[in-house]
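Take a look at the letters that make up each chain.
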Amino acid sequence: MKEQVGDEIAIGLGRGGIDALPLEERLHERPRRDEEPAGTDQRDLQEARIDGAMVHYHASEPMHQLAVEAGFKDGLPRVWDPERIFVLVDHHQPTLTQKQADENALIRREVARLGIKTFHDAEPGIAHQMMADYGLMRPGELVVGNDSHTISYGGLNVGGTGITRADMLYVLLFGELWFQVPQTVKVVLEGTQPNYPVAKDIILYLAGKYGDDFANSMSVEYTGSMVPQTSLDSRMCLAAHGVEVGAKFALFPCDDKVREFLRTRTDKPYEEITAD
């Protein structure tokens, strides 16, 4: 189903089928550590290996308070991989209350104690933008974060999704988490990108026409002739707003714009995910 939106853009919406593997199923098709690849089907429950974990200004909860409640009297005894955990203290900088200042101090102590390699302390930036700018996420990876807008990483062909702080406690310890492989809703963008931003208009149009839960617990896959024309800013905007329509993931394909953006930000290899 495709509708004309203005003179330059047409938007189509459809449900992904089981036979044609969409981007999100490709992500969950990857093997766990030391295992052979397994086939996936929508609604399968799978234990997935995590490639990166982002914790921001609430890091003290999964890193210490919840760990204490779980019986670790001194906080987390260890982390699964100190190079794959990214602590980015944002939001309340500078802090406005003593409570916030005390939480930041606790985060600093825990980062040092656990040997976490990537720590940006009280930096005046948004954690998700820092993840992109510092090359901490790459196409084809599964990256979780303690914020619902972790889903924005899909703009760079990254399987980003927000998780609870209790789930993050488990991830920090074991580097794995179970997921239900979601169904896919495909958004087809056709036409010409105008010379002004339209990403927000597109997602508001979709939410207004199909409801703000049309992608509930699903993965949104963006495709169509307009996608290569869109900026990475626009892609991350559309991906970020996936959570506003209930999505678990929101993914764009990888192309030369993504590769060029990452070229000067990371030298680590990555495997792009593509749909059938």
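Below is a summary of the structure that appears in this document.

What counts and how
- Residues numbered from 1 in each chain as written.
- Predicted model: local features only at pLDDT ≥ 70, side-chain atom pairs only at ≥ 80, totals over all residues.
- Heavy atoms only, no water.
- Helix = DSSP H or I, 4+ residues; strand = E, 2+ residues; numbered from the N terminus.
- Buried < 20%, exposed > 50% of the residue type's maximum accessible area, 1.4 Å probe, protein only.
- Contact = heavy atoms within 4.5 Å.
- Areas by Shrake-Rupley, 256 points an atom, 1.4 Å probe, with all protein chains shown as cover.
- Phe/Tyr/Trp six-rings, centres within 6.5 Å; stacked < 30°, edge-to-face > 60°.
- Lys NZ or Arg CZ within 6 Å of the ring centre and 35° of its normal.
- Core = buried A, V, L, I, M, F, W, Y, C linked by side-chain atoms within 4.5 Å.
- Pairing = 2+ DSSP bridges.
- Axes fitted to C-alpha atoms, helices over the stretch in contact; angles between N-to-C directions.

**A word on the overall build of the protein chain**
Along its length, the protein chain carries eight helices and twelve strands. Counting across all 276 residues of the protein chain, residues that qualify as buried make up 50%. The contacts in the protein chain between residues at least 6 apart in sequence include a share of 75% that link residues at least 24 apart. For the protein chain, the accessible surface area stands at approximately 12800 Å², while carbon and sulfur atoms represent 50% of it.

**Focus on the packing of aromatic side chains**
Tallied over the full model, the rule gives four aromatic pairs. Relative to F174, the ring of Y170 lies with its centre 4.8 Å away and its plane at 45 degrees, an arrangement referred to as tilted. Remark: F174 and Y170 occur in helix α5 (residues 165–174); sequence separation between them is four residues, near one turn of the helix. Accessibility expressed as a relative area gives 37% for Y170, which makes it partly exposed. By relative accessible area, which is 41% here, F174 ends up partly exposed. Measuring from ring centre to ring centre gives 4.6 Å for Y222 and F252, while their planes differ by 15 degrees; the resulting arrangement is stacked. Of this pair, Y222 sits in strand β11 (residues 219–223) while F252 sits in the loop between β12 (249–251) and α8 (256–263); the two residues are 30 residues apart in sequence, bridging distant segments of the chain. When the ring centre of Y210 is taken as reference, the NZ or CZ atom of K209 above it lies at 5.8 Å. Lying across the ring of F261, R265 places its NZ or CZ 3.8 Å from the centre.

**Concerning the nonpolar core**
With 30 residues, the main nonpolar core has M63, V87 and V171 as its most contacted residues. Mapped by element, the contributors of at least two residues to this core are β4 (52–55), α2 (60–69), β5 (85–88), α3 (98–114), β7 (142–145), α5, β9 (176–180) and β12. Residue contributions to this core peak at five residues, all from α5. Counting 22 residues, the second largest nonpolar core, distinct from the first, contains M226, V227, V245 and A250.

**Observations concerning unusual backbone geometry**
If you check the backbone angles, N157 has positive phi at about 70 degrees while not being a glycine. Residue placement: N157 occurs in the loop between β7 and β8 (159–162). Residue class for N157 comes out buried when judged on its relative accessible area of 0%. In this structure, S217 is a non-glycine residue whose phi angle is positive, near 60 degrees. Within the secondary structure, S217 is located in the loop between α6 (199–210) and β11.

**A few points about α5**
Among the residues of α5, M168, L169, V171, L172 and L173 are the ones counted as buried. Along its buried surface, α5 packs onto β4, α2, β5, β7 and β9. Immediately beyond the C-terminal end of α5, within one or two residues, lies G175, with a positive phi of roughly 70 degrees.

**Remarks on the sheet that holds strand β6 (residues 118–120)**
Strand pairing in a sheet takes place through backbone hydrogen bonds and is either antiparallel or parallel in direction. Within the open sheet, the five strands sit side by side as β6-β5-β4-β7-β8. Their pairing is parallel. For this open sheet the edge positions go to β6 and β8, each flanked by a neighbour on one side alone. The sheet shows a mean angle of 15 degrees between the axes of neighbouring strands, direction not considered. As paired strands, β4 and β5 are joined by three bridges and run parallel to one another. Residue V55 lies in a different strand from β5, and its bridge partner there is V87. Along the sheet, α5 contacts β4, β5 and β7; its crossing angle with β4, the most-contacted strand, is approximately 135 degrees.

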